[in-house]
Amino acid sequence: MTTIEKRLEQLEEYFLYHTSFFLKDARNKLELAQALQDTDAAMKEQSKLETMNAAREMFDVAKQEKTLEAVKGKYHELLETYRQERQLEIEAARASGDKEVLVRAYIQLTVAGPPAHGLFYAAYKKATGTFDKVNHE
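As the structure is a prediction and not an experimental result, all values here were calculated from the model.

A. Fine view of the overall build of the protein. On a plain count of helices and strands, the protein comes out with five helices and zero strands. For the protein, the sequential pattern of α-helices and β-strands runs α-α-α-α-α. Projecting the C-alpha coordinates of the protein onto the three principal axes gives extents of approximately 50 × 35 × 30 Å. The burial tally for the protein puts 32% of its 137 residues in the buried class. Within the protein, counting contacts between residues at least 6 apart in sequence, those at least 24 apart form 66% of the total.

B. The arrangement of the pattern of salt bridges in detail. Under the definition given, this model contains nine salt bridges. Note that Lys 74 is salt-bridged to Glu 77, the shortest N-O span being 3.7 Å. Taken together, the residues Lys 74 and Glu 77, both in helix H3 (residues 68–96) and three residues apart, mark about one turn of the helix. Look at Lys 74 and you get partly exposed, because its relative accessible area is 23%. A relative accessible area of 44% places Glu 77 in the partly exposed class. The network of salt bridges with shared partners includes Glu 85, Arg 86, Glu 89 and Arg 104.

C. Region of interest: a negative patch on the surface. Where like charges cluster on the molecular surface, the negative patch consists of Asp 38, Asp 40, Asp 98 and Glu 100. Note that Asp 98 resides in the loop between H3 and helix H4 (99–111).

D. Expanded view of the packing of aromatic side chains. Applying the stated criterion to the full structure yields nine aromatic pairs. Here the aromatic rings of Phe 15 and Tyr 75 are separated by 5.7 Å at their centres, their planes lie at 70°, and the arrangement is edge-to-face. Here the residue Phe 15 occupies a position in helix H1 (residues 3–35), and Tyr 75 occupies one in helix H3, the gap between them amounting to 60 residues. Residue Phe 15 is classed as buried on the basis of its relative accessible area of 0%. When its relative accessible area of 0% is taken as the criterion, Tyr 75 is described as buried. For the pair Phe 120 and Tyr 121, a centre-to-centre distance of 5.2 Å together with 90° between the ring planes defines the contact as edge-to-face.

Quick notes on the rules
- Residues numbered from 1 in each chain as written.
- Predicted model: local features only at pLDDT ≥ 70, side-chain atom pairs only at ≥ 80, totals over all residues.
- Heavy atoms only, no water.
- Helix = DSSP H or I, 4+ residues; strand = E, 2+ residues; numbered from the N terminus.
- Buried < 20%, exposed > 50% of the residue type's maximum accessible area, 1.4 Å probe, protein only.
- Contact = heavy atoms within 4.5 Å.
- Salt bridge = Lys/Arg side-chain N within 4 Å of Asp/Glu carboxyl O.
- Patch = residues over 30% accessible without salt bridge, like charges linked within 9 Å, V, L, I, M, F, W, Y side chains within 5 Å.
- Areas by Shrake-Rupley, 256 points an atom, 1.4 Å probe, with all protein chains shown as cover.
- Lys, Arg positive; Asp, Glu negative; His and termini not counted.
- Charge placed at Lys NZ, Arg CZ, Asp CG, Glu CD.
- Phe/Tyr/Trp six-rings, centres within 6.5 Å; stacked < 30°, edge-to-face > 60°.

Remember that the coordinates give geometry; whether it matters functionally is a separate question.
Here's what the structure looks like:
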């Protein structure tokens, strides 16, 4: 196994590991919301789950690239396309007055930002060995 293949494998391992915590938390909150019959909270958590699962699917497509830089570029491209689609949904929902679609799309847009982006870049930095350690003074 080459160094590049090993790093690509590490990137996938780290990304799946980090996103699994997000997914587990959202599943737990969804179950709680359902038990409490809080439909708004349940919709929020379901939207978060859908988005992070979509991010994992985007990663599955991106990981077919041959280098870490290419994977990073493809993932960013796919995530940006997803975000643009959610933005269009938000605009359409506002125009039609569909509050449920508006809220769902806004939550998905939000999760496709720092959470999906940040978890990937944390995994990328770990895989490339550029993850800066926090300096404690």
